[in-house]
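# Fold and geometry: a report
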Amino acid sequence: MRFNNKNEIKIIPPIYIVLVAVFLTNIFVNIELIGQDEPIKFSHFVPNIVTFLIFLFVHKIGVSFDFDSDGETLIFKNNGVFFSKFMEYRVRKAEFPKRKLANFKFTNYGIYSSVTIYIKSRRRRGFKKYTFNTTFLNRKKKRGLVASLQSILDKPKAVA
């Protein structure tokens, strides 16, 4: 099974632009208020603070997700959205054989969801843990991801 969320994340760049425009507009309003003899209060900076926090949240969750389970390997990849046509940034990637998948955990908090995978490692004791952001996957793709990973874990291991 192979899928990504390219269609769902097309909304992120316009959100970035709107948030930057709101932030800059509020800065210019504050500069105008300073020019007048009105005292500056904390309430003048609240819109900028809220806009900045929303920008950080959108930046955190606004990544593309690619999944490929065709063949012998599993490929998970997160990549940034805004400059993704020109360069890869904020890349998080895991590529490993299916037999090394030990477990996975899917978390969904409504406005944020992620999948955590645990990979068997020969070099270190225990498991290696990767977390990938799946916020902008639609419900059908999330169910497909869980079903695909569950089928890999449920397959009986070939005895040599």
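Thresholds applied
- Residues numbered from 1 in each chain as written.
- Predicted model: local features only at pLDDT ≥ 70, side-chain atom pairs only at ≥ 80, totals over all residues.
- Heavy atoms only, no water.
- Helix = DSSP H or I, 4+ residues; strand = E, 2+ residues; numbered from the N terminus.
- Buried < 20%, exposed > 50% of the residue type's maximum accessible area, 1.4 Å probe, protein only.
- Contact = heavy atoms within 4.5 Å.
- Pairing = 2+ DSSP bridges.
- Axes fitted to C-alpha atoms, helices over the stretch in contact; angles between N-to-C directions.
- Patch = residues over 30% accessible without salt bridge, like charges linked within 9 Å, V, L, I, M, F, W, Y side chains within 5 Å.
- Areas by Shrake-Rupley, 256 points an atom, 1.4 Å probe, with all protein chains shown as cover.
- Salt bridge = Lys/Arg side-chain N within 4 Å of Asp/Glu carboxyl O.

## A few points about the environment of Pro-13
- Position of Pro-13 among the secondary structure elements: in helix 1 (residues 12-35).
- Overall, the relative accessible area of 22% leaves Pro-13 in the partly exposed class.
- Excluding residues that lie within four positions of it along the chain, Pro-13 makes contacts with Val-81 and Phe-82.

## Thoughts on the pairing of strand 3 (residues 73-80)
- Counting buried positions along strand 3 yields 6 of 8 residues, so the element is predominantly enclosed.
- Pairing analysis gives 6 bridges linking strand 2 (residues 63-68) to strand 3, with the strands arranged antiparallel. Counted as the bridge partner of Asp-66 is Lys-77 from strand 3.
- The antiparallel pairing of strand 2 with strand 3 creates a hairpin that spans 4 residues between the two strands, and Gly-71 there sits at a positive phi of about 85 degrees.
- Across 6 bridges, strand 3 lies against strand 4 (residues 92-97) in antiparallel orientation. Residue Leu-74 lies in a different strand from strand 4, and its bridge partner there is Phe-96.

## Points about the sheet that holds strand 1 (residues 2-4)
- What the 4 strands build is an open sheet, ordered 1-2-3-4; its pairing is antiparallel. At either end of the open sheet lies a strand with only one pairing partner, and these are strand 1 and strand 4. Neighbour-to-neighbour, the strand axes of the sheet open up by a mean angle of 5 degrees, direction not taken into account.

## Regarding a nonpolar patch on the surface
- The grouping of Ile-34, Ile-40, Phe-42, Phe-45, Val-46, Ile-49, Val-50, Phe-52, Leu-53, Ile-54 and Leu-56 at the surface amounts to a nonpolar patch, some 980 Å² of accessible area in total.
- Here the element with the most residues in the nonpolar patch is helix 2 (residues 46-61); it accounts for 7 residues.
- Residue position: Val-50 is located in helix 2.
- Looking at Val-50, the relative accessible area reads 43%, which means it is partly exposed.

## Some thoughts on the side chain of Ser-114
- Of note, Ser-114 is situated in strand 6 (residues 113-120).
- When its relative accessible area of 5% is taken as the criterion, Ser-114 is described as buried.
- Setting aside chain neighbours within four positions, we find Ser-114 in contact with Lys-105, Phe-106, Thr-107, Thr-131, Phe-132, Asn-133 and Thr-134.

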